[in-house]
Amino acid sequence: MNQRTQVKLGVNIDHVATVRQARGTQYPSPVEAALICQSAGAHGITVHLREDRRHIQDDDVRALRAVLSVPLNLEMGNAPDIVEAALDIVPEEVCLVPEKREELTTEGGLDVAGNRATLGRTVRRLEEKGIVVSLFIDPEVAQIEAAAELKVPFIELHTGHYCDASPADAERKLNSLVEAAELAHSHGLRVNAGHGINLQNIDGILRIPFLNTLNIGHSIVARAVLVGMGAAVNEMLNAFARDCDDAERKGYPL
Ligand code: PXP
């Protein structure tokens, strides 16, 4: 089997919840979206329970944990209430990420090298519950070595700087991801990657060696809005047609 066919896809469904929270409705349901991803062949589902609860809510995580047959990967900051929520819900996997309230999305990797002790305590508590822990880091030697020292099974490499790079800079950024994956592998770490991946940059991303899972969110949800738009319009037009048939049957003027 070649490198490409082995890579797994984890779909991050946060932005399904973003659409729901924008109007305070019950829909679209992240659980329904996750089940569609699962049926379509996704190998895992990822959600980020942010401290400000801007999209995914605690109840979403609990509901996903109950219904999914593929693993649930919970992205989270190392904040006390979020750690308690994770220890209570017990997803299969946790990916620890840095989190700033004012950011639009996770902006950089964790400073594992500068926070070994605090991160180490959280890693051990999660692992005692049987949760598989991953650390989201930039492709930097010091961070990879610190992750190896903490003896986590997985890192997730931050691909955002490559995905957002200008064409002149892209090759250099991709090389740093390739070298980081090689170094991580040599330390016995398993390698996931994510952030900013879309159909335009996926071929470059797949040149990174030793990939286990790619976590992809925004581009898939954005694409789903467009490929699903025609079907959604048809559903509404069919509802109009049903109403016309009804009115005709009841003899109302059309
Ligand atoms: N991996 C991590 C650790 C993330 O924080 C995110 C964004 O929530 C993703 C993957 C997915 O990134 P994107 O939505 O850009 O595909």
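None of these values were measured; they are calculated from a predicted model.

The rules behind each value
Residue numbers restart at each chain and count upward from 1, following the sequence in its written direction. Only residues with pLDDT of at least 70 are given local features in this predicted model, and only at 80 or more are side-chain atom pairs given and counted; all residues enter the totals for whole chains, interfaces and linings. Hydrogens and waters are ignored; side-chain quantities use all the structure's heavy atoms. Each residue's exposure class comes from its accessible area (1.4 Å probe, protein chains only) as a fraction of the maximum for that residue type: buried when under 20%, exposed when over 50%, partly exposed otherwise. Strands are runs of DSSP state E lasting at least two residues, helices are runs of H or I lasting at least four, and both sets are numbered from the N terminus onward. At least two DSSP bridges between two strands are required for those strands to pair. Definition used in this section: a nonpolar core is a set of buried Ala, Val, Leu, Ile, Met, Phe, Trp, Tyr and Cys residues joined via side-chain atoms within 4.5 Å. The contact criterion used throughout is that any non-hydrogen atoms of two residues lie within 4.5 Å. Basic side-chain nitrogens of Lys or Arg form a salt bridge, by our definition, when they fall within 4 Å of a carboxyl oxygen of Asp or Glu. Call a crossover right-handed when, viewed with both strands pointing away from you, the route from the first strand across the helix to the second goes clockwise. Whether a residue is near a molecule or strand is decided by its heavy atoms; if any one of them lies within 4 Å of it, the residue is near. Side-chain atoms alone can form a polar contact between residues adjacent in sequence; in general such a contact is a pair of N or O atoms within 3.5 Å, and within protein one must be able to donate a hydrogen while the other accepts it. Using a 1.4 Å probe, the Shrake-Rupley method yields the accessible areas, and only the shown protein chains count as cover for residues. A cavity, in this analysis, means grid points on a 1 Å lattice covering only the protein atoms where a 1.4 Å probe fits yet has no way out; a pocket is instead an open set bounded by protein on both sides within 12 Å along at least five of seven lines, and a residue lines either one if it has an atom within 4 Å of a point. Molecule-in-pocket calls rest on the fraction of atoms, with more than half required to lie within 2 Å of the cavity or pocket grid points. Classification used: nonpolar for Ala, Val, Leu, Ile, Met, Phe, Trp, Tyr, Cys and Pro, charged for Asp, Glu, Lys and Arg, polar for all others including Gly.

Draft legend 1. Representation of the pairing of strand β8 (residues 211–216) within the structure. Burial runs high along β8: six of the six residues are buried. Here strand β7 (residues 190–194) pairs with β8 via three bridges, running parallel. By the bridge assignment for β8, Val-191 is matched with Leu-211.

Draft legend 2. Structural context of the nonpolar core. Within the largest apolar cluster, 68 residues are counted, with the highest numbers of intra-cluster contacts made by Ile-13, Ile-45, Leu-96, Leu-135, Leu-157 and Leu-214. Considering each element in turn, this core owes the most residues, seven residues, to helix α9 (residues 167–186). Not counting residues up to four positions away in its chain, the partners in contact with Leu-157 are Phe-136, Ile-137, Asp-138, Pro-139, Leu-177, Ala-180, Ala-181, Val-191, Asn-192, Ala-193 and Gly-194.

Draft legend 3. The arrangement of the pattern of salt bridges in detail. Considering all chains together, one arrives at 12 salt bridges under this definition. Across the salt bridge formed by Arg-172 and Asp-169, the nearest N and O atoms sit 3.0 Å from each other. Of the two residues, Arg-172 and Asp-169 are both situated in helix α9; the distance of three residues between them amounts to about one turn of the helix. Its relative accessible area of 53% is what places Arg-172 among the exposed residues. The structure contains a network of salt bridges with shared partners spanning Arg-53, Asp-58 and Asp-81.

Draft legend 4. Geometry of the pairing of strand β4 (residues 93–96). Both strand β3 (residues 72–76) and β4 contribute to a ladder of four bridges, which runs parallel. Opposite Asn-73, over in β4, you have Glu-93 as the bridge partner. What joins β3 to β4 is helix α5 (residues 80–89), and the crossover it makes is right-handed. Two strands pair when backbone bridges link them, and β4 and strand β5 (residues 132–137) are joined in this way by four bridges, in the parallel orientation. Bridge pairing links Val-94 to Val-133 in β5.

Draft legend 5. Local environment of the site of the ligand. Near the ligand you find 15 residues, and of these Thr-106, Glu-156, Gly-196, Gly-217 and His-218 are the closest. Between the ligand and the protein, one listed contact pairs a nitrogen atom with a side-chain N or O atom of Glu-156 at 2.5 Å. The backbone of His-218 places a nitrogen or oxygen atom 2.8 Å from an oxygen atom of the ligand. Surface burial for the ligand is 94%, taken as the share of its 390 Å² of free accessible area covered by protein chains. Under a 2 Å grid-point criterion requiring more than half of the atoms, the pocket assigned to the ligand is the second largest pocket. Looking at the shell around the ligand residue by residue, the classes come out as three nonpolar, nine polar and three charged.

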